[in-house]
Amino acid sequence: MRIDTPLTRLVGMDLPIVQAGMSWVSSCAELPLAVSEAGGLGVVAGGPMRLPDLDECLTRMRAGTDRPWAVNMPLYRKGVDEVMAHLIDQAPPVIIASQGGPKKYLGALHDVGTVWLHVVTSLTHAAKAVGAGVDGLVVVGAEAGGHPPEHGVTSLVLTRLIAREFPEIPVVASGGFTDGYSLAAALSLGAAGAQFGTRFIATPEANAHPAYKDRVLSAKVEDAVLVGRGLNPIRTLRNQFTERMLDLETAGASVDDRREVFASTVLRQSAKDGEVETGKVEAGQTAGLVTELHSAAEVVRRIAVEYGAVVNGLPRAAGGDSAPQCAQADGNVATAV
Ligand SMILES: Cc1cc2nc3c(=O)[nH]c(=O)nc-3n(C[C@H](O)[C@H](O)[C@H](O)COP(=O)(O)O)c2cc1C
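Residues numbered from 1 in each chain as written. Predicted model: local features only at pLDDT ≥ 70, side-chain atom pairs only at ≥ 80, totals over all residues. Heavy atoms only, no water.

### Section: the overall build of the protein chain
This is how it is decided: Numbering of helices and strands starts at the N terminus; helices are DSSP runs of H or I of at least 4 residues and strands are runs of E of at least 2. The size measure is the radius of gyration over C-alpha atoms, and the globule rule it meets is 2.2 Å times the number of residues to the 0.38 power. The cut-offs for exposure are 20% and 50% of the maximum accessible area for each residue type, with area from a 1.4 Å probe on protein chains only; residues under the lower value are buried, those over the upper are exposed, and the others partly exposed. In this description, contact between two residues means that some pair of their heavy atoms is separated by no more than 4.5 Å. Accessible surface area values rest on a Shrake-Rupley calculation with a 1.4 Å probe, where residue burial reflects the displayed protein chains alone. For the charge count, each Lys or Arg is scored as positive and each Asp or Glu as negative, with His and the chain ends excluded. By convention, the charge on Lys lies at NZ, on Arg at CZ, on Asp at CG and on Glu at CD.
Secondary structure summary: the protein chain contains 14 helices and 12 strands in total. Relative to a compact globule of 337 residues, whose C-alpha radius of gyration would be 20 Å, the protein chain shows 19 Å and is just as compact. Seen through its C-alpha atoms, the protein chain measures out along the principal axes to roughly 60 × 50 × 35 Å. Residue burial in the protein chain is summarised as follows: out of 337 residues, 54% are buried. In the protein chain, 61% of the contacts between residues at least 6 apart in sequence involve partners at least 24 apart. Accessible area for the protein chain stands at about 14,200 Å²; split by element, carbon and sulfur atoms hold 52% of it. Charged side chains of the protein chain number 29 positive and 37 negative; the gap between the two group centres comes to 1 Å.

Next comes the structure, spelled out in structure tokens:
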């Protein structure tokens, strides 16, 4: 199956389905390989990886598939210059860069043929990234797991705002997308694809502890709370850690006191070691919609098939004047074939 959009044409993949870069969870080859082989874009989360591990993983990616794949790199990471020098040598098909400006490395990666998608959470950052010459944007709204924007603007509004402002740039909507319905919503907003994070945690290929996957599967949508305001907050599932953080916020505790608890545990402890009662179990609101573990290929297949059924079943507009000028005028319209 193929769903043709400006994103799939830019990257050279069959489906506008991007598996989100997720520290630890996709800091491996298994999940990204399975997604890319299924026609989506698999993303290695390079942020927490040591350089030799990252190099080995990228070698496995290259050996494992002829299809496009990506590396996610937060540009604030320690030793970023050295890491980016390696990436320039490795020339991944796509980079998804977050948390920092693209200018310093963009030219060198373009020279080796890498497509640069840039993660943004506001119109201002989107304008800067587009001005710097990135090839596409990943727009992250408030529903997202990991680090959603603190301003709280949802994907519904932020995607439309940025897609409307930059119709010539492929936009990938991220945060709150989980199935064919939400892919259809993303493309309706003028995006050229959607990025799915939390959905892919509940796959056998995800590099997360079984207790972490179980917690995602049992969560309700209200369980994915935002904690750490003013400290680069995270959306994470309710447990003893979030109760402590939320109690401190309610009590009006100082930033320093809140920082101490916030920094007392890291994602690795829950994702790798299974400490889901006391650790950061980062996941988005869609955890409440994810109820079954499926293979990554099956997740991709179901999203694509459901998308086809959803768009074919949408009510058609009849009567009235000629069609108003709409998002599809920008060429982002998708065709499922
Ligand atoms: C466990 C977890 C780890 C994440 N780690 C990263 C990361 O290393 N780099 C990054 O740019 N985004 C990271 N994110 C955010 C995702 O790339 C993506 O924007 C988000 O998961 C989308 O929202 P969704 O979970 O509702 O699909 C992470 C998200 C989760 C759930």
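### Some thoughts on the sheet that holds strand β5 (residues 94–98)
Where we set the bar: We call two strands paired when DSSP finds no fewer than two bridges between them. In this description, a line fitted to the C-alpha atoms serves as the axis of each element, helices being fitted only across the stretch in contact, and the angle between N-to-C directions of two axes falls anywhere from 0 to 180 degrees.
Strand order in the open sheet formed by eight strands is β2-β9-β8-β7-β6-β5-β4-β3, with parallel pairing between adjacent strands. Each end of this open sheet is capped by a strand with a single partner; those strands are β2 (17–19) and β3 (42–45). Across the sheet, the mean angle separating the axes of adjacent strands is 25 degrees when strand polarity is ignored. The pairing of β2 with strand β9 (residues 193–196) spans three bridges and is classified as parallel. Counted as the bridge partner of Ile17 is Ala194 from β9. In the packing of helix α2 (residues 30–37) onto the sheet, contacts are made with β2, β3 and β4 (69–74), and the angle to β3 comes to roughly 165 degrees. Its contacts with the sheet put helix α8 (residues 180–188) on β2, β8 (171–174) and β9, and the angle it makes with β9 is roughly 135 degrees.

### Observations regarding the site of the ligand
Stated formally: Throughout this document, a residue counts as near a molecule or strand when at least one of its heavy atoms sits within 4 Å of that molecule or strand. A 3.5 Å cut-off defines polar contacts: any pair of N or O atoms within that distance qualifies, except that in protein one atom must be a possible hydrogen donor and the other a possible acceptor, and neighbouring residues in sequence count only when both atoms are side-chain atoms. Amino acids are sorted into nonpolar (Ala, Val, Leu, Ile, Met, Phe, Trp, Tyr, Cys and Pro), charged (Asp, Glu, Lys and Arg) and polar (every other residue, Gly among them). Each domain span listed reflects an automatic or database assignment of domains.
The immediate surroundings of the ligand are formed by 23 residues, with Gly21, Ser23, Asn72, Gly197 and Thr198 found nearest. In the model, a nitrogen atom of the ligand is placed 2.8 Å from a nitrogen or oxygen of the Asn72 side chain. Within the backbone of Gly197, a nitrogen or oxygen atom sits 2.8 Å from an oxygen atom of the ligand. Protein chains bury 92% of the 610 Å² of accessible surface belonging to the ligand in isolation. Of the residues assigned to the shell around the ligand, the class counts are seven nonpolar, 14 polar and two charged. Two domains each donate at least three residues to the shell around the ligand, and these are domain 1 (3–206 + 290–336) and domain 2 (210–288).

### Points about the packing of helix α4 (residues 80–90) against helix α5 (residues 103–111)
So the rule is basically this: In these notes the angle categories are as follows: under 35 degrees is roughly parallel, over 145 is roughly antiparallel, 65 to 115 is roughly perpendicular, and the rest is oblique. Crossings are sorted by hand: turned counterclockwise from the far helix by less than a right angle, the near helix makes the crossing left-handed, and turned clockwise it makes it right-handed.
Across the interface, α4 lies against α5 with an axial gap of 10 Å and an inter-helix angle of 15 degrees. The pairing of α4 with α5 is recorded here as roughly parallel in orientation. Relative to α5, α4 is oriented so that their crossing is right-handed. Along the contact surface, α4 presents Val80, Asp81, Met84, Leu87 and Ile88, while α5 presents Lys104, Tyr105, Ala108 and Leu109.

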